[in-house]
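# Structural overview
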Amino acid sequence: MSRTELVAVDEAQPMRGSDPPQRPRSRIDDEFTAFYRAEHDGQVRRAALLVGSDEVANDIVHDVLVEVLRRWDTISHHGSYLNRGVLNGCLDRVRNDKVVAVAHRRLAAGETSSTDDVLYDVIARLPFNHRAAVVMRFYERMTEQEIAEALGCKPGSVGPWIHRALTTMRKELS
């Protein structure tokens, strides 16, 4: 090889110990980063209220955000897709009854150490639709119409779910 060829090969390969060349940030990277910053914390808090665990909530939100990024260009309403995905992830988790079983054992063992733990335990015992309606109404400040759309139900179902949930919560917290 000539000296010119060696220099060209050497310049094409990064030096050992140096960082690999960075790819330029794309439009999707920038848009998703802004979307992530705007949505992540609120989605985790909402999911935590639904499943009763910050760790589980982080896992659910992370999985849905990965899916949102993967499908970024094919999704027309990123926020709605994220909301529904997190809600479905929470529902799947609750259906497995693992979170509810842990909450019942903790409450029976007297391990409630904070107001959040007590609230999580009370919320965890609500039927899922009641729990989701209460969290969306009072934490997300969504209207009954928006809640109905998110849950895929009739708007007339949301009010009674919230009423029953609040009645149950009042009884258990008093």
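So, a few notes on the structure that sits alongside this text.

### What to know about helix H8 (residues 144–151)
Burial in H8 covers these residues: Ile147, Ala148, Ala150 and Leu151. Buried residues of H8, seen end-on, are gathered within an arc of 165° and therefore sit on one face of the element. Packed against the buried residues of H8 are helix H4 (78–95), helix H7 (128–139) and helix H9 (155–173). Following H8 by one or two positions, Gly152 adopts a phi angle in the positive range, close to 70°.

### Here's the deal with the packing of H4 against H7
Two numbers describe how H4 lies on H7: the axes approach to 11 Å, and their chain directions differ by 145°. The two elements H4 and H7 cross, and the hand of that crossing is right-handed. On H7, the residues touching Leu87, Cys90, Leu91 and Val94 of H4 are Phe128, Arg131, Ala132 and Met136. Its residues assigned to classes, the contact of H4 with H7 comprises seven nonpolar, no polar and one charged.

### Describing a negative patch on the surface
Together, Asp54, Glu55, Asp59 and Asp63 make up a region of like negative charge exposed at the surface. Here Asp59 is to be found in helix H3 (residues 54–70).

Criteria and thresholds
Along each chain, residue indices are assigned from 1 in the same order as the chain's sequence is written. Predicted model: local features are reported for residues with pLDDT of at least 70 only, side-chain atom pairs are reported and counted for 80 or more only, and whole-chain, interface and lining totals are derived from all residues. Excluding hydrogens and water, the side-chain figures rest on all heavy atoms present in the structure. Three exposure classes are used, based on accessible area relative to the maximum for each residue type with a 1.4 Å probe and protein chains only: buried under 20%, partly exposed in between, and exposed over 50%. Runs of E in the DSSP output that reach at least two residues are strands. Runs of H or I that reach at least four are helices, and both are numbered from the N terminus. Note: the arc covers the axis-to-C-beta directions of the helix. Between two residues, a contact is recorded if the distance between any of their heavy atoms is within 4.5 Å. Fitted lines through C-alpha atoms serve as axes, helices being fitted only where they are in contact, and the angles separating the N-to-C directions of these axes extend from 0 to 180 degrees. Here a crossing is called left-handed whenever its near helix is offset anticlockwise from the far helix by less than a right angle, and right-handed whenever the offset is clockwise. Each residue is assigned to one class: nonpolar for Ala, Val, Leu, Ile, Met, Phe, Trp, Tyr, Cys and Pro, charged for Asp, Glu, Lys and Arg, and polar for all the others, Gly among them. Patch building starts from residues that exceed 30% relative accessible area and form no salt bridge, then joins like charges within 9 Å and nonpolar side chains (Val, Leu, Ile, Met, Phe, Trp, Tyr) within 5 Å. Exposure was quantified through the Shrake-Rupley algorithm and a 1.4 Å probe, taking into account, for residues, occlusion by the shown protein chains and nothing else. Here, a salt bridge means any side-chain nitrogen of Lys or Arg that lies within 4 Å of a carboxyl oxygen of Asp or Glu. Neither His nor the chain termini are counted; the positive set is Lys and Arg, and the negative set is Asp and Glu. Each charge is placed at NZ for Lys, CZ for Arg, CG for Asp and CD for Glu.

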